[in-house]
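Coordinate analysis (summary)
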Amino acid sequence: MHAFLESLVNRFPQAVLTAQQDPVRLDLWAQVQADHWLEIAQFLHDDPSMVLDHITDICSADYPDDLERFEVIYHFLSLSHRTRLRIKARVTEDHPEIASISGIWKGANFLEREVYDLMGIRFSGHPDLRRILMPDDFDEGYPLRKDFPAEGKGWRSRFDFLPRLDEPIGEWSEAEVPDDQRHQFMADDHPGDTKRTTEMLLNMGPQHPSTHGVLRVVLELDGERVSKATPDLGYLHRGVEKLAEGLTYMQMVPHTDRLDYVCAMTNNYAYVRAVEKLIDMAVPERAEYVRTIVAEMQRIIGHLFWLGTQALDIGAMTVFFWTFREREVLLDMFEKLCGARLTLNYYRIGGVDADLTPEIITTLRDFLKTFPAHIREYDTLLQKNRIWVARTKGVALLSAEDAINFGCTGPVLRGSGVSYDIRKLEPYGVYDRVDWEVPLGKDGDTYDRYWIRMEEMWQSARIIEQCLNQMPEGPVMAVDAQAIPPPKPEVMRDMQSLIHHFIIFTQGFKPPKGETYCATEVPKGELGFFIISDGSSRPYRLKIRSPSFIHMGAFDHMARGYLISDIVTIFGTYDIVMGECDR
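So, here is what we can say about the structure in this document. What you see is a predicted model; the values in this text were computed from it and never measured. (Residues numbered from 1 in each chain as written. Predicted model: local features only at pLDDT ≥ 70, side-chain atom pairs only at ≥ 80, totals over all residues. Heavy atoms only, no water.)

Another aspect to go through is the packing of helix α7 (residues 285-314) against helix α9 (residues 358-383). At their nearest, the axes of α7 and α9 sit 13 Å apart, and the two run at 25 degrees to each other. One way to sum up the angle between α7 and α9 is to call them roughly parallel. For the pair α7 and α9, the sense of crossing is left-handed. Between α7 and α9, the contacting residues are Ile293, Met297, Ile300, Leu304, Leu307 and Ala311 on the first element and Leu364, Phe371, Tyr378 and Leu382 on the second. Within the contact of α7 with α9, the residues separate by chemical class into 10 nonpolar, no polar and no charged. (Axes fitted to C-alpha atoms, helices over the stretch in contact; angles between N-to-C directions. Helix = DSSP H or I, 4+ residues; strand = E, 2+ residues; numbered from the N terminus. Parallel < 35°, antiparallel > 145°, perpendicular 65-115°, else oblique. Left-handed = near helix turned anticlockwise from the far one by under 90°. Contact = heavy atoms within 4.5 Å. Nonpolar A, V, L, I, M, F, W, Y, C, P; charged D, E, K, R; others polar.)

Have a look at this one:
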């Protein structure tokens, strides 16, 4: 038995119902009694043998036929021990409640609210348990329950505050204004209270250009300084996880494009890796090189997009045009590779859709010769801009301890000096065959997070160049009759291959029963997919661990005490995309 599981069982022999390691996927997991969960959680966080300091995700699954219908699933990571652990606890439909761990891991706040919102499980002791993705007045139930139809129950938004155009607009005197119509400056104000002149509420969004999507943040202000920032998410919630339960594993690939639509390639990569881990599929060597090259091209594209828009938000317009100049070169290569520039649908379970052509390889090599000089140009423009430096240095400080406790990943975490990169911790693709470094910040401010992304573009160029030099010949798709359709030429001339092709695309393939979590290092952080398979051709439950959603959980902590104008840079420092955040 693994040392983690042994420590857990020895400490809580009665509360731990099951503890084992998956023999194929090597995932560590344990089933515990819900009544003892808070005590167990404190042990997992504090005990030197565990130190599960990083909260990765919290999700849930619905088993309507079981006596204990709902399962709450926690994903943790010990950065010091470099080990992941999954903890599961069951609660009944009559009493769907479990203790909140938001007092131990700050990142659990938003994650528990999401489980409550979509599954209806209550977390006792949570400081603010209310809906987070669905509207506050959504009263049709809990969308991720199995008895909730994917097409919804007919709920529509009700805008009662809009006047009817065929009715005259009356004028109310102060005495006639109903209590619920009075303007309130602060969230906890009541009608009739003496209004404070130094504090007020400010709605930022949901159509503010700097939010890079439809996001509303309610700012409580003391003068021009933020005393509290409350994100209002869910404007782009499309129920992707619910839709996945009705799609075959292959049909889900195009939906991943629409998560982080700026970096669709890495979304594809993260999802197909999770499915391959679930079915224990090996990928050809050349395909691994191609995947790594394309993923790093997408990382450069994502960081260029971030850099240009972040600079534009702060007032540096030239950088925006220059970064999009290089971005267009890479997008042209994507278009030649797969026929698209934004929603790409290129990665496949078992490999990729098409090989790199000699023309693309030549163009990419030419790009790598000039790109480092362009990075220096961007850096020179911004480093000598006093406004840029003043708006980023010492702004939105995030300590290493807080970054870990909130579950932050990617440049946000590494900007605080924490060396956590999945490509190093759990190497995939060919990242362990090339030489590259993980850049780390020192102060954990907005400037450090800018510097991290600049350095990552250098490292991505190094990785791509080495992969091009090392890339072997061979196929770019695995051969697996159970899960992968036959090559198109065979389909066109062989009836058996045609039938096989038809069955795979209409009925899908059936992974064995089981579950797994797979994490991938995308430009915004850790994008993870947790899949539960019941042996059918469709996932029983698919949970998307979105880095943008996790980072928004730290927004209030990072915004307090800073100016209204700094809120724009805090949005930018996350590099959020609301399609991924809301899913």
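Past the structure itself, the notes keep going.
Right, let's talk about the packing of α9 against helix α14 (residues 446-470) for a bit. In contact at an axis separation of 10 Å, α9 and α14 are set at 165 degrees when each is read in the N-to-C sense. By the angle between their directions, the pair α9 and α14 is classed as roughly antiparallel. As α9 runs across α14, the sense of the crossing is left-handed. In this structure, α9 contributes Ile361, Leu364, Arg365, Leu368, Phe371, Pro372, Ile375, Arg376, Tyr378, Asp379, Leu382 and Gln383 to the contact, and α14 contributes Tyr447, Tyr450, Met454, Met457, Trp458, Ala461, Ile464, Glu465, Leu468 and Asn469. When grouped by side-chain class, the residues that make up the contact of α9 with α14 number 16 nonpolar, two polar and four charged.

Another aspect to go through is the sheet that holds strand β2 (residues 28-32). Here five strands make up an open sheet; going across it, the order is β1-β2-β5-β4-β3 and the pairing mixed. With one partner strand each, in any of the chains shown, β1 (16-21) and β3 (54-62) form the two edges of the open sheet. On average, each strand axis in the sheet is inclined to that of its neighbour by 15 degrees, with strand direction left out of account. Pairing analysis gives eight bridges linking β3 to strand β4 (residues 70-78), with the strands arranged antiparallel. Within β4, the position partnered with aspartate 62 by the bridge is phenylalanine 70. Across the sheet, helix α3 (residues 108-119) lies against β3 and β4, angled at about 10 degrees from β3, the strand it touches most. (Pairing = 2+ DSSP bridges.)

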